[in-house]
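Single-letter residue listing:
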Amino acid sequence: MEETEKNLDQEAADNQAEEETKQAGEKDSAAKEAANPQMKASGDADGSSEEATVQEPEDEQASDDAENEGTDGAGEADTDVEKSSQDGDDGAQKADTAAGTTKQKKSVFSKKDKNKEKDKDKERIAELEDRVMRQMAEFENFRRRTEKEKQQMFETGARSVIEKILPVVDNFERGLSSIPEAERQGAVAEGMNMIYKQLLTELDNIGVKAIEAVGQEFDPARHNAVMQVESEEYESGVVAQELQKGYTYRDTVIRHSMVAVVE
């Protein structure tokens, strides 16, 4: 039994040693592989440096060409910028011109609108003035018509009163003419004569006038012929006798004279 255990232990130790040897070999191979790429890289770097040394003149020529091309590109870019700036200025100028034109149009339209408003105001003022003038004229015509109507009404009333007073005047005249000559100096006759004269004076003051008849040519507008008579004193067509006095009120005949006309 003891020998068997020793053999097992010996095998285990051998296996462990083999494994450690394998692991050490693997580590050495990994280190070699890691070193080979670095050497390759250094070789490639040396080759590239030689190639870079050979290509330096070509690179300098290429850089010069690139610089020239860059300069040309920069010039073209500057030209493009100038063109774009000029185009921008032209666009701005056109925009300003358009804005100015728009403002001018707006100002013209505003002036037209103002002129239209002024014309409308003038028309409105003229219409109102015409209306006021018409109303004033109508009122003036109404006032004159009213005054005329009032005057006509007053004259109509005055004529009506005068027509009623004239018979009283006629009676005074008949009464005075019927008084005998011897009694005309009496108090009664003088009193009647004074009242008669006062009445005629007041009628004359208000515009009542007696129409002249005897010795005047017959006027149908003022005389009313009731008979024809023969006369050696007056010619034909002349009033020879007054039978009743006629009167006018403000040049309007109130009562025609009743007369006898020569044949």
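Residues numbered from 1 in each chain as written. Predicted model: local features only at pLDDT ≥ 70, side-chain atom pairs only at ≥ 80, totals over all residues. Heavy atoms only, no water.

K.L.:
Whenever I open this one, the overall build of the protein chain confuses me. Can you help?
P.N.:
Within the protein chain, the secondary structure is distributed over two helices and six strands. Listed N to C, the secondary structure of the protein chain is α-α-β-β-β-β-β-β in terms of helices and strands. Taken across its 263 residues, the protein chain has 12% of its residues classed as buried. A fraction of 60% describes how many contacts in the protein chain between residues 6 or more apart in sequence connect residues 24 or more apart. For the protein chain, the accessible surface area stands at approximately 21100 Å², while carbon and sulfur atoms represent 50% of it. (Helix = DSSP H or I, 4+ residues; strand = E, 2+ residues; numbered from the N terminus. Buried < 20%, exposed > 50% of the residue type's maximum accessible area, 1.4 Å probe, protein only. Contact = heavy atoms within 4.5 Å. Areas by Shrake-Rupley, 256 points an atom, 1.4 Å probe, with all protein chains shown as cover.)

K.L.:
Looking at this structure, I do not really get the pattern of salt bridges. What am I missing?
P.N.:
Side chains that carry opposite charge are capable of pairing whenever their charged atoms lie near each other. This structure, assessed with the given rule, holds ten salt bridges. When the shortest N-O distance is used, the salt bridge between Arg 131 and Glu 127 registers 3.6 Å. Within this pair, Arg 131 and its partner Glu 127 are both found in helix 1 (residues 2-177), separated by four residues, close to a single helical turn. A relative accessible area of 41% means that Arg 131 is categorised as partly exposed. When its relative accessible area of 41% is taken as the criterion, Glu 127 is described as partly exposed. Linking Glu 155 and Arg 250 is a salt bridge whose minimum nitrogen-to-oxygen distance equals 3.9 Å. Placement of the pair is Glu 155 in helix 1 and Arg 250 in the loop between strand 4 (247-249) and strand 5 (252-255), with a sequence separation of 95 residues. Here the salt bridges do not stand alone but share partners, grouping Arg 124, Glu 127 and Arg 131 into one network. (Salt bridge = Lys/Arg side-chain N within 4 Å of Asp/Glu carboxyl O.)

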